[in-house]
Amino acid sequence: MTSTSRIHVLSGPVADQIAAGEVVERPASVVKELVENALDAGATTIDITIEDGGRALIRIADDGSGMGRDDAVRSLERHATSKITTAADLVGVASFGFRGEALPAIASVSEFAVETALDDGVGTAVRGSGGVIATVDEIARRRGTTVHVHRLFHNTPARRKFLKGARSEWRAIAETLGHIAVLRRDVHMVARHDGKVALDLPAAPSLRARLAALWGADAIARFVDVDDVYGVLHARGLLERPADVGTRTRRVLLMVNGRIVRDPGLVRAAEAAYRSTLPAGLRPSLVLDLTLPAADVDVNVHPAKAEVRLHDRWPIERALEHIVRRALGTFDAAAGLGGWRVFTPQAGGTAPTLGAGVSSVEPWMLRVPTPTPAGGLFAETTGVASTDSSGHRAPLAHADDAPDAPAQASADASVPAEDDIVVPPLLQLRRTYLMFEHADGVVLIDQHAAHERVLYERFLHDMASGSSASQRLLFPLTVHLSAAEADAFDVAAPAFAALGFEVEAFGGHTLLVQAVPMPHPRFDAERCLRDTLAALAGDRSPSDAARHERLASTVACKAAVKAGDALSPAEMRALYIDLARTTLPANDVHGRATIVRLSWDELDRRFGRS
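Draft legend 1. Representation of the pairing of strand 11 (residues 252-256) in the model. Across the 5 residues of strand 11, 4 count as buried, placing the element largely inside the fold. Looking at chain direction, strand 11 and strand 12 (residues 259-260) are connected through 2 bridges and run antiparallel. By the bridge assignment, Met255 is partnered in strand 12 with Ile260. Between the end of strand 11 and the start of strand 12, which pair antiparallel, lie 2 residues, with Asn257 showing a positive phi angle near 50°.

So this is what it looks like as structure tokens:
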């Protein structure tokens, strides 16, 4: 009887070519696998030669541990590895790959040669094509391994025709090498393309130094350092300052336990920390190196190990958001002009001074402040609030006491304030900006933006706690609304109540306002309520949290002191302290800079002193 079976076992070469598709997508994939093999072998110097965008030649030479004759031949067999022996070894595996696991896939779609030696002297050369070994020879060479890949996809023309031009393929290779160089800053990497040195990256002492070599020092000046631990997560890296987001091409590089990976969830968590510091639509550049317990990360969910699976994702994402927000709350996160020196906190070290004559204590932007409760700047209807010896709020000065001319804080303004916040002597310019001297330059604070940030975070705290201080009006306000504004109030009524507004319906689209919050003496409650409802009319925020944030930001903007308001020395001091306590002091809720730093170097340059 004739067999009608249509199922058969593929031959070895065909199976190898199919398997190669999981690892070898383009020349950059080959470079990635071979360079990672070199790193797994302990290489300290890696030399990369590329011709015709990797389509004609890819040559990777390293000074790693090398292989003996038997291992060199065996490394070209499928499933050959020196890294694991049982399935249990896959959990928490620290290597990029398993030395030799990518070689058979690459060899199956190219003309290849592997030259290797355990020590200087006698080595082994294995040559072949299409995954078939042709010769195994003894050669003289130095310790390490060199892999030659010629005519990639020469035996799979259907895949070769989908390769892009030489320039496009080289750009992908350069990007891959740049990512690996950032990950392994201890390794010297040199890359040549068509005979010209395109990259020469000696070992770098820090992530910032490595990225400066890749992207340029000016580009890296836009970033603030992060190095923090929260729970089981240790996050290091660089974060783009909110004031600089959108000024250049966005870059995102994410590393988890020593691997470069793609993880949109972790990136979104980091971006969430920028919420209320950026205009809508802008996304920051991020370089993050995350370390987690090995048992919490599964790296074997992608053929090229470009993705990871987290055992318990939600707390890790929240931890990352917390760490990034804490870094954005530092003084270094404020906008800077003229090459302001980046301060990187050192364990047990001291921070730079805040102003002339101010002792070196922890700068107010380097702490993680708690949300400011009811009180603080202009908290009392009679004036600015300070703290008395019992820890209770008390008025310091009334707005009417503010002088018409620019004001400077008193000489004792540099004494430590609450929570060890040091307040330097402050000067008001154009009734709009507060200025003080810092060890590295001059610092300007926009009084409206600063107060807006203070009130926004305070209002969010009030809405979360469900109550806020308010003042009953001697004569209730009657406010007439449009239909859209009335709808907006109906949706946001509980939040308004939490902010201190006591409002009741008075028939139709009319409201009767009995009590209002009083964030400062100049506060125009009726105008604030009208402007806020006009701004909220037609709001289609998908969640209560988003609507509350929108309400808090709108009320904060309408309620904050304005440019042109003269502030007394006590008011300036209170504003400085309250801003210091916020979580994200460097930007207002619209993404504009709250703080701008002008370096002495820039001033010296402008005056011809440098």
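Draft legend 2. Helix 15 (residues 569-581), seen in detail. Between its first and last C-alpha atoms helix 15 spans 19 Å; for 13 residues at 1.5 Å apiece the expected length is 18 Å, and the two agree. Summarising burial for helix 15: 11 of the 13 residues are buried, a large majority. Ala570, Glu571, Met572, Ala574, Leu575, Tyr576, Ile577, Asp578, Leu579, Ala580 and Arg581 are the residues of helix 15 that are buried.

Draft legend 3. Inspection of the sheet that holds strand 3 (residues 111-117) at higher detail. As summarised here, the arrangement of the 8 strands in space is 5-4-3-6-2-1-7-8, forming an open sheet in which the pairing is mixed. At either margin of the open sheet sits one strand with a lone partner, and together these are strand 5 (132-141) and strand 8 (196-201). If you compare each strand with its neighbour and ignore which way they point, the axes differ by 10° on average. When strand 7 (residues 188-193) meets strand 8, the two strands line up antiparallel, connected through 5 bridges. Looking at the pairing, Ala191 lines up with Leu199 of strand 8. On top of the sheet, helix 2 (residues 27-40) reaches strand 1 (45-51), strand 2 (57-62), strand 6 (144-150) and strand 7; it is set at about 10° to strand 2, its chief contact.

Draft legend 4. Examining the environment of Ala61 more closely. By the secondary structure assignment, Ala61 is in strand 2. When its relative accessible area of 13% is taken as the criterion, Ala61 is described as buried. With 16 residues separating them along the chain, Ala61 and Thr45 place their C-alpha atoms 8.4 Å apart.

Draft legend 5. Seen up close, the state of the cysteines. Scanning the model with the defined rule gives 0 disulfides in all. Between Cys528, a free cysteine, and Cys557, which holds the nearest cysteine sulfur, the sulfur-to-sulfur gap is 9.2 Å. Take Cys528: its relative accessible area is 1%, and that puts it in the buried class.

Draft legend 6. Just the pattern of salt bridges, in detail. Here the structure, examined in full by the defined rule, presents 32 salt bridges. Bridged by salt links that share partners, the residues Arg275, Arg318, Glu321, Arg325 and Glu549 form one connected network.

Draft legend 7. Representation of the side chain of Glu240. Structurally, Glu240 is set in strand 10 (residues 233-240). Given the relative accessible area of 1%, Glu240 is considered buried. Among the polar contacts listed, one links the side chain of Glu240 to the backbone nitrogen of Ser285, at a separation of 2.8 Å. Beyond its immediate stretch of four places on either side in the chain, Glu240 contacts Arg222, Phe223, Val245, Gly246, Tyr274, Pro284, Ser285 and Leu328.

Draft legend 8. Quick look at the confidence of the model for the protein chain. Per-residue pLDDT for the protein chain averages 80, and the proportion of residues at 70 or more is 76%. Considering each helix and strand of the protein chain separately, the mean pLDDT is smallest for strand 18 (residues 393-395), with a value of 32, and largest for strand 1, with 98.

Draft legend 9. Region of the structure containing the nonpolar core. Within the largest apolar cluster, 41 residues are counted, with the highest numbers of intra-cluster contacts made by Val35, Ile46, Ile48 and Leu177. With 7 residues, the top contributor of residues to this core is helix 2. For Leu177, the residues in contact, after removing those within four places along its chain, are Val31, Val35, Ile48, Met189, Ala191 and Leu199. Counting residues in each nonpolar core, the second largest holds 32 residues, with Val479, Ala488, Ala498 and Leu499 among its members.

Draft legend 10. Inspection of the sheet that holds strand 11 at higher detail. The mixed open sheet is built from 5 strands, whose spatial order is 9-10-13-11-12. Sheet topology places strand 9 (223-230) and strand 12 at the edges, where each strand pairs with a single neighbour.

Draft legend 11. Layout of the packing of helix 11 (residues 447-465) against helix 15. In the contact formed by helix 11 and helix 15, the axes pass within 9 Å of each other and the chain directions differ by 50°. The orientation of helix 11 relative to helix 15 falls into the category oblique. When you trace helix 11 past helix 15, the crossing you get is left-handed. Contact residues: Gln447, Ala450, His451, Arg453, Val454 and Arg458 in helix 11; Leu575, Asp578 and Leu579 in helix 15.

Draft legend 12. Quick peek at unusual backbone geometry. In this structure, Asp52 takes a positive phi of about 55° despite not being glycine. Residue placement: Asp52 occurs in the loop between strand 1 and strand 2. One non-glycine residue with positive phi stands out, namely Asp194, at about 50°. Take Asp194: it is sitting in the loop between strand 7 and strand 8.

Draft legend 13. Inspection of the packing of helix 6 (residues 166-183) against helix 7 (residues 207-215) at higher detail. The geometry of helix 6 relative to helix 7 is characterised by a closest axis approach of 9 Å and an angle of 160° between their N-to-C directions. Classified by the interaxial angle, the pair formed by helix 6 and helix 7 is roughly antiparallel. As helix 6 packs across helix 7, the resulting crossing turns out to be right-handed. Contacts between helix 6 and helix 7 pair Gly178, Ala181 and Val182 from the former with Leu207, Arg210, Leu211 and Leu214 from the latter. A class-by-class count of the residues in the contact of helix 6 with helix 7 yields 5 nonpolar, 1 polar and 1 charged.

Scoring rules and cut-offs
- Residues numbered from 1 in each chain as written.
- Predicted model: local features only at pLDDT ≥ 70, side-chain atom pairs only at ≥ 80, totals over all residues.
- Heavy atoms only, no water.
- Buried < 20%, exposed > 50% of the residue type's maximum accessible area, 1.4 Å probe, protein only.
- Helix = DSSP H or I, 4+ residues; strand = E, 2+ residues; numbered from the N terminus.
- Pairing = 2+ DSSP bridges.
- Expected span 1.5 Å × (residues − 1).
- Axes fitted to C-alpha atoms, helices over the stretch in contact; angles between N-to-C directions.
- Contact = heavy atoms within 4.5 Å.
- Disulfide = S-S within 2.5 Å.
- Salt bridge = Lys/Arg side-chain N within 4 Å of Asp/Glu carboxyl O.
- Polar contact = N/O pair within 3.5 Å; in protein donor to acceptor, adjacent residues only side chain to side chain.
- pLDDT = per-residue confidence, 0-100.
- Core = buried A, V, L, I, M, F, W, Y, C linked by side-chain atoms within 4.5 Å.
- Parallel < 35°, antiparallel > 145°, perpendicular 65-115°, else oblique.
- Left-handed = near helix turned anticlockwise from the far one by under 90°.
- Nonpolar A, V, L, I, M, F, W, Y, C, P; charged D, E, K, R; others polar.

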